[in-house]
Structures are given as structure tokens and as C-alpha cells.
Amino acid sequence: MARLNDTVEAALIEYADLLSILTNDPYKPRSYEKAARAVGGYPGDLGTMDLKEVLKIPSVGKSIGEKIDEFVRTGSFEALEELRAQIPPGVREMIGIPGLGPKKAIVLYRELGIADVEQLGQAVEQGRLAELKGFGAKTQENIRRGIERMNQSTGRVLVSMAMDLADYFLERLGGRKDVRRMEYAGSLRRMAETIGDLDLLVASDDPIGVIDAFTSDGMTDRVLAKGDTKSSILTRKGLQVDLRVVPLEAWGAAMIYFTGSKPHNIRIREMAVRKGLKLNEYGLYRAKSGKLIVAETEEEVYEKLSLPWIPPTLREDRGEVEAALEGTLPDVLTRKQLRGDLHTHTDLTDGLASLEQMLATASGLGYAYYAVTDHAPNLFMQRMTDEKMLAQREQLRKLQSSYPRMTLLHGTELNIDAEGNVDWDAGFLDGFDVCVASVHSLFNQSKDEMTRRIVRAMENPHVHVIGHPTGRIINKRQPVDLDLEEVFKAAARTGTALEVNGYPDRLDLRDEHILWARRHGVRFAVDTDSHATTHLEHMRYGVGNAQRGWLTQDDVINAWPLSKLRTFLRKGG
DNA sequence: GCCGTTTTCGGCCCGACTGTTTTCAGTCG
């Protein structure tokens, strides 16, 4: 399922890691990292490109271009194999230990022959690191704890969990007298699909007081770092939280800096340098005189770099800086533009809330329309029957009068079977306003079978939306094996929308797939797949993911007025 | 290794925190 571009990206990153261990030149590894990102984010498929085309990828020059070419032809490149022969894979894993970088790793390997994390752990217990220059008692203790952390780390957490933790700290610290402003930043503000650590920004004239309160909070398990302007803690839930305190006058520059992404920041800092300016978290300055130009708002800083304000969800160095310069930045979808949810459940199947409760909550969100899409009979455990479905439709029609401003749509979530058929015949399907169809079984079919299956479902004139198209569950289940190129072409050809499922552990399609599908002219439905009233709020994550895929109102069928949506649901028929 | 409105060489984003080599390198974001 991984694109060749992703495989090449991983190989270039591995090469960069090995270089950073073996050389003292910091720039060479950085060149490979930069090229790796460029390749991973490049729309063209490396497998279909010749060397001349490869060299057109930004940050890819002759040397890297030839290595990529070699990799595409042979599955590796010689220079990578040479470095692999010098550095055992375990040494590269060692630089994943927090606080241990390439320079310390190579010393441990060369001086003590330590070749993996396990051997390092043993050496620490035996106190063998003390004989090395530059490894004092504290460093040894930090490595011991770093290994501990790496072993028990939960890895990246769901965006919803990080959001809850952000809300907790905003409530605990945001109301303090010495806190003039507080917001979350980092990957959470960019709405990345998983969060590695939570970044919080505070404006205050008394940083020490705020940081003391932060590090002594009941949620804090261990203080990782504590200075005059920043501090990092490990929470009891295992997630790292970084707090940065700046003066209110520097808020905008600090938000840009702390929101990232890192590659985005590097891009705009390079732009600043070319203009004879310097950008850091305190503001935009003239490089020579050091005179402050702007700092208070993000808009001002971007403006002085000749850029419009760029939404945080786009700040991934995926072409947003170029688009901003050309004035072609997308007008990304907003929560407010969404007029309805097209994938929701009730307690008629596996939902937790009644139809009435779901409708009441949805109405409070200001939707113009709302679809109930309970499971269909072939998902046998849900015990759906024709009679139950028709009774629900009847109930929905009666409830319509209670919601004069919200049109109630009756739908269902169909099951795509092994061959691509769905639950009911055309006659029964005609009775629904909207049909989502999803894969709920046989996740292990071959790529060809799975692709044919989904394409066949899309060719069904009654199927309007493919639900959670890749079926992945973050940290739990791998995506199904699909020829996405074929699926996206078929979705565009048949006029079937692909879902951007906002449920936090699904987020399916994911951002890169959305970008890819969008280039084929595919339409999307941003839905919550709610099984409880509280889930309806997950639309924020669907919108975040849609923005990360550069979607606008035009791309998203449930951001359209009802009449236009109804035309789409006729599927050209 | 890449790149160019300081263009084929000489730069490459910038600052905070930590520990230790007490003046700075390593690591991180």
C-alpha cells in the first residue's frame, strides 16, 4: 500500500541518520532529510519518472537524484549499503532514546562496542559509561531513564486525547492572574492525526510563576526540563507537555514558532534571511541592526514576509508557501461551512443514543440537514431488519415537524460484501435519501480483490459515499490493501464521494490520501460516524483533516446547499 | 548535498536547556 515515494523517503531518512552518526558535517544529513521530505510529499509517482524528472523535485540534485534512480531500479543504493555495513541498526535505534543523539551514540559504539539499546541498558546498570569522557553521572542517569521511557512509551496519542489534555491545562493555568493569554500550539493546532507531545504557549510577565505552577501540577509525573522561559513535563498519562512563556508583545511570532511545523518554520525563516531579516520566536527583525519590525500577530509577521496568513493545518511544507506566494492558497473548509452530517448511528443498531437525542444534539449544532445512517442487515450482529428500517423512516418523517430548520434525511450504512454487492436490492435502496457503503468484513482480501470490491460498490447507482475507505484504526488495525489510484479514479468517474471520517481513531481518508484523491477531482463527505451525542463534536477533527488535505467548500458535498447535495445524490441518474 | 534578485562558492533557521570538556557541544523542538 505504501507508495514508492514513501519507501524512498524512508531510505533517504535512514541514510541521513547514518550520516549524522558518521560525519561532523551537519549540513549533509540535513540535505538528505530535506530531499526525503520533498520526495514523500511529491505528487508524482517515482516509479513512473525518469532521472530527468526526478531532478525537478525541489532539494533533489545530481547526487541524491542518482541515488533515488538507483533505488527505484534496484530497491536500494550502494552508498546506503556501505553505511549500513559500518553502523549496526541497533546504533541507529539508540538515537531514538530521548536525550541521546548521534554524537553520543557513535562514542558508545566505538569506545565500548555498544551496538543496541539492550546492550546500552546493561552497560548503564554496570556503570560502564563512567569510563567515557563526557558521560557523567547525570548523563548516565538520563540515558537510563530515556531507555525506560522509550520502552514504556505509548507512542503518539489520538488527537482527541491530546485535545482533552490541552483543555485541562488551559483550565488549570489559563485563568491565572499572571497569564495574559494561553493557547495550545504544535501538532495539535495543526490537527495532525496523532500527537507526539502537547505544546502550550503562555503570554506572561511572570514566567517563573507560571512555570512553577505548571511543573507542580497534579498531572505532572516528572519534570524533564525547567528554565526561565520553557519547561517540559511528562504527565501521568505518559504524554510529554512543553510549556513556553513569552511576553504578550511577541505573541504572534511565538505562535508561528510554536505551531510549526518545523519544516514550515525553516521555509519562512529562509525567506526572512533572503529579505535581510531574521525571524525567531520573539519577532521579525532587521538582520543587521537587530531592529524589531513586527511580532504581535501572526498576520503581521506573514505580511512582512509578503505572505498571506497561512492556516495552521496547511503548515507542513507541502507547497503551502509556494501557493501563498502565488496567491493560490486554498480557501480551506471551515466548521461553519458544513451544513450537515451524513454518517451517524442511533441505538437502533450500535449507537448509544436514541434518534430523538441525536437529532436534538445535531439541531443544536445549527445543521441545515442531517442524515441517520444505521447499519444494514448483513452486519448480522446489529440485527437490522427491513421492518425496523421502515419503522425508523416513519419515525423520522414524524419528527421532521419538530425541526423546521433542519431537513432530516433517512439513510443507511451498507456493507460491501466480498464481491462488491450491498445489502438490499435496488427497489428497497430507492427508499433511502443517502447511502454510505463501507467494508466491515474480510479485511485481508488481496489488493486486487479489495480494489475490485470497492470499485464495484461505487458503480452501484445507489451508493453515494464510501465510508472510512481504508478501514484503518489508528494504533489498532492496519488499512486494507487497496490500489488507491484505481479507487480515486473510479470515485471521480462514478460520482461517488469518499468519506473523510472524523472519528479520532479513524481519520479515514487521511490527509495525504485526500490530497491525492483531490487531484483526480474526487468529491468528499466529511462525517463523524457518531455513535453517541458527544461524538457529533468530532466534526472538528474531520474538518481538521479535510483542511490538511487542502479541501474547500466546493470539494465537500455536505458543505453544499441541500438542493445541490440532492443533485449529487441522484448520481447523474 | 543543495542552491542562487549577494548565483558556481559559501552559505545553510534559530534559540533554550542540560551537563560538563568552566566556555561550549550536544540535543531538542
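Worth saying up front: this structure is predicted, and the values here are computed from it rather than measured.

Novice: Just checking my understanding: could you explain the pairing of strand β16 (residues 497–501) for this structure?
Specialist: Within a regular strand, side chains alternate between the sheet's two faces. Most of β16 sits out of view: five of its five residues are buried. Of the two faces of β16, the one carrying Ala497, Glu499 and Asn501 and the one carrying Leu498 and Val500 are both buried. Summarising the sheet, strand β15 (residues 465–466) and β16 pair through two bridges and their orientation is parallel. By the bridge assignment for β16, Ile466 is matched with Leu498.

Novice: Explain the pairing of strand β8 (residues 277–280) to me, please; I cannot follow it from the model alone.
Specialist: Sheet topology places β8 next to strand β9 (residues 283–286); four bridges connect them, and they run antiparallel. When the bridges of β9 are listed, Leu277 appears paired with Arg286. In textbook terms, the turn of a hairpin is the stretch between consecutive antiparallel strands, and for β8 and β9 this stretch comprises two residues.

Novice: Whenever I open this one, the sheet that holds β15 confuses me. Can you help?
Specialist: Within a sheet, neighbouring strands are paired by backbone hydrogen bonds and run either parallel or antiparallel to one another. Across the sheet, seven strands lie side by side as β11-β12-β13-β14-β15-β16-β17; this open sheet has parallel pairing. Unpaired on one side and paired on the other, β11 (340–341) and β17 (524–527) mark the two borders of the sheet. Contacting β11, β16 and β17, helix α23 (residues 539–548) crosses the sheet at an angle of about 145 degrees to β17. Sheet strands in contact with helix α24 (residues 562–569) are β12 (369–375), β13 (407–415), β14 (434–438) and β16, and its direction is about 30 degrees off that of β13.

Novice: Which parts of the structure should I look at to understand helix α1 (residues 4–22)?
Specialist: Every α-helix carries 3.6 residues per turn, so stepping three or four residues along brings you back to the same face. Across its 19 residues, α1 extends 27 Å between first and last C-alpha, which sits within 8% of the 27 Å expected from 1.5 Å per residue. Those residues of α1 lying buried are Asn5, Val8, Ala11, Leu12, Glu14, Tyr15, Ala16, Asp17, Leu18, Leu19, Ser20 and Ile21. Buried residues belonging to α1 abut α2 (27–40), α4 (62–74), α5 (78–86), α6 (89–94) and α7 (102–112).

Novice: Help me understand the protein's contact with DNA strand B, please; the structure alone is not making it clear to me.
Specialist: Around DNA strand B there are 47 residues in total, and Ser31, Ser59, Gly99, Gly136 and Arg269 lie nearest to it. At 2.7 Å, a backbone N or O of Gly61 approaches a phosphate oxygen of DNA strand B. Contact distances for DNA strand B include 2.7 Å between a phosphate oxygen and a side-chain N or O atom of Glu270. Breaking the surface near DNA strand B down by element, the ones donating at least two residues are α2, α4, α7, α9 (137–152), β5 (220–226), α14 (262–274) and β8. Here the surface near DNA strand B gets six residues from one element, more than from any other, and that element is α14. The residue makeup of the surface near DNA strand B, split by class, is 17 nonpolar, 13 polar and 17 charged.

Novice: Looking at this structure, how should I read the packing of aromatic side chains?
Specialist: We describe a pair of aromatic rings using the distance from one ring centre to the other and the angle between the two ring planes. Applying the stated criterion to the full structure yields 10 aromatic pairs. Residues Tyr168 and Phe169 carry aromatic rings whose centres are separated by 5.1 Å and whose planes lie at 85 degrees to one another, so their mutual orientation is edge-to-face. Note on Tyr257 and Phe258: the rings are 5.8 Å apart at their centroids and 10 degrees apart in plane angle, and the pair reads as stacked. In this structure, Lys278 packs its charged tip against the face of Tyr285, placed 5.7 Å from the ring centre.

Novice: Even after reading the chapter, I still don't get α5, so can you show me in this structure?
Specialist: Those residues of α5 not exposed but buried are Ala79, Leu80 and Leu83. The buried residues of α5 occupy an angular sector of 100 degrees when projected down its axis, which confines them to one face. Of the exposed residues in α5, the ones pointing more than 90 degrees away from its buried face are Glu78 and Ala85. Next to the buried residues of α5 lie α1 and α4.

Novice: Mind showing me how you'd approach the environment of Ala525 here?
Specialist: Here Ala525 lies in strand β17. Exposure remark for Ala525: the relative accessible area of 0% places this residue in the buried category. The spatial distance from the C-alpha of Ala525 to the C-alpha of Asn558 is 5.9 Å, given a sequence separation of 33 residues.

Parameters and conventions
Residues numbered from 1 in each chain as written. Chains lettered and ligands numbered in written order. Predicted model: local features only at pLDDT ≥ 70, side-chain atom pairs only at ≥ 80, totals over all residues. Heavy atoms only, no water. Buried < 20%, exposed > 50% of the residue type's maximum accessible area, 1.4 Å probe, protein only. Helix = DSSP H or I, 4+ residues; strand = E, 2+ residues; numbered from the N terminus. Pairing = 2+ DSSP bridges. Contact = heavy atoms within 4.5 Å. Axes fitted to C-alpha atoms, helices over the stretch in contact; angles between N-to-C directions. Expected span 1.5 Å × (residues − 1). Near = heavy atom within 4 Å. Polar contact = N/O pair within 3.5 Å; in protein donor to acceptor, adjacent residues only side chain to side chain. Nonpolar A, V, L, I, M, F, W, Y, C, P; charged D, E, K, R; others polar. Phe/Tyr/Trp six-rings, centres within 6.5 Å; stacked < 30°, edge-to-face > 60°. Lys NZ or Arg CZ within 6 Å of the ring centre and 35° of its normal. Arc of directions from axis to C-beta.

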